[in-house]
Amino acid sequence: SDEESDSSESSLLAKYFGALLFLGEYSSVRITALPLNPKNKKNKSKNKTTEKNTSNEKQVSVLHIATNKPKIVVESEDFQMKADIKDLKDCHVIIVCVNPTDTQQCAEILKKLPTKKTPVGIFSFQYGCKNFDTLSGCLGTVDHLLFDGAVSFHIVKGLSDQVLRPLIKGQNLVLERLTAEKAEFGSNYVNLLSTMEIPILFRKTLTPFTWGSMVFNCHTCLNALTGDPMKEFMSLRRNRLLYAQMIRECLAALRMAAAHGDWVPDGGACCPVTLAVLEQALCLPDFIYPIFAYFCLQCSTSDNGSSVQVDLHNGQDTNGLW
């Protein structure tokens, strides 16, 4: 958990993953904040209430995917929310959830961990693009197995019930297909991840999905400008038209960057329709759109805005940095 960075996105994601792994009953979980290098900070608002100021937090409540019901995980010997960085040396699987701007510092810390007889599985589940390249460039492939992953959803904490949940329902994780070199131990590590009961898509190349997730989630910034709960925001056609225009411009820019090739970002981990179809569906009239939203773009809570909106409210930097 990268709780030293300003945005709370990665901190919430780490707690969500950790609680679900613990509820899977096969894992002892250690959530740790990496001691990153200090950054130049801008002045923060006086009413700042960030996720990292939770030293007295003793439990976390998450929406369990399989049951669709909130479950509370209380801190214990097997579930530590403020574990020491030294505890990583005893871990067989490490999930990296740091914000992209801190990936290099995170990799340098992981590189100093002592070696183990069994290779440690390190999974990169981060927002943004090219995080895995940064990790692998620093860590190499000795004494551990690196797995490239992508996260399609953003975690929010319910304003009324304090439950951690994905902002949009029905989204997935994406993970690289296991090569022959990684299959022996990697299959066991992936089986452990499956106890979270979050759907996982396996793909040979993840680049289309990381870019697709970024294009899909551009609505988080637009929602932050309005200040409305996401469900209310998406119910208004004028907002959806702006979101559709953002998707169109993103797709056009990526097509140009691909030198007019056939490469397109893949939003399949975020939504059951393509980004091009989503762009058109967002333009539907208000009385028809709820039908589409029910099957393809359903908000999980009625009172939460996007993670960007929360960060701005708390006086924190946002994912605009990456």
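A few points on the structure. Note that this is a predicted model, so its numbers are computed, not measured.

**Overview of unusual backbone geometry**
Leaving glycine aside, a negative phi is the common case for residues, and trans is the common case for peptide bonds.
Okay, step 1: In this structure, Glu25 takes a positive phi of about 70° despite not being glycine.
Okay, step 2: Mapping Glu25 onto the fold places it in the loop between helix H1 (9-23) and strand E1 (29-30).
Okay, step 3: Even without being glycine, Gln162 reaches a positive phi, approximately 60°.
Okay, step 4: Structurally, Gln162 can be placed in the loop between strand E8 (155-157) and strand E9 (163-166).
Okay, step 5: Accessibility expressed as a relative area gives 43% for Gln162, which makes it partly exposed.

**A closer look at helix H8 (residues 237-257)**
Okay, step 1: Over its 21 residues, H8 extends 30 Å from the first C-alpha to the last, a length consistent with the 30 Å expected when each residue adds 1.5 Å.
Okay, step 2: Inspection of H8 places Asn239, Arg240, Tyr243, Ala244, Ile247, Leu251 and Leu254 among the buried residues, and these make up the whole buried set. End-on view of H8: buried residues confined to an arc of 135°, all on one side of the axis. H8 presents Arg238 and Met256 as exposed residues on the side facing more than 90 degrees away from its buried surface.
Okay, step 3: Along its buried surface, H8 packs onto helix H5 (207-216), helix H6 (219-226), helix H7 (230-235), helix H9 (275-281) and helix H10 (289-296).

**Brief notes about the sheet that holds strand E7 (residues 144-151)**
Okay, step 1: Across the sheet, which stays open at both edges, the five strands sit in the order E5-E6-E7-E10-E11 with mixed pairing between neighbours. The outermost strands of the open sheet, each flanked by one partner alone, are strand E5 (93-96) and strand E11 (200-203). Geometrically, the sheet is characterised by an average inter-axis angle of 25° between neighbouring strands, direction not taken into account.
Okay, step 2: Pairing analysis gives five bridges linking strand E6 (residues 120-124) to E7, with the strands arranged parallel. Following the sheet pairing, Gly121 is matched in E7 by Leu145.
Okay, step 3: Across the face of the sheet, helix H4 (residues 180-194) comes into contact with E5, E6, E7, strand E10 (173-176) and E11 while running at roughly 45° to E7.

**Section: the side chain of Gln126**
Okay, step 1: Within the fold, Gln126 resides in the loop between E6 and helix H3 (131-139).
Okay, step 2: Of the polar contacts made by the side chain of Gln126, one reaches the side chain of Thr103; its length is 2.9 Å.
Okay, step 3: Looking at Gln126, its side chain comes within polar contact range of the side chain of Ser124, at 2.7 Å.
Okay, step 4: Look past the residues within four positions of Gln126 in its chain and what remains in contact with it is Val96, Cys97, Val98, Asn99, Pro100, Thr103, Asn131, Leu135 and Val151.

Calculation notes
Residues numbered from 1 in each chain as written. Predicted model: local features only at pLDDT ≥ 70, side-chain atom pairs only at ≥ 80, totals over all residues. Heavy atoms only, no water. Helix = DSSP H or I, 4+ residues; strand = E, 2+ residues; numbered from the N terminus. Buried < 20%, exposed > 50% of the residue type's maximum accessible area, 1.4 Å probe, protein only. Expected span 1.5 Å × (residues − 1). Arc of directions from axis to C-beta. Contact = heavy atoms within 4.5 Å. Pairing = 2+ DSSP bridges. Axes fitted to C-alpha atoms, helices over the stretch in contact; angles between N-to-C directions. Polar contact = N/O pair within 3.5 Å; in protein donor to acceptor, adjacent residues only side chain to side chain.

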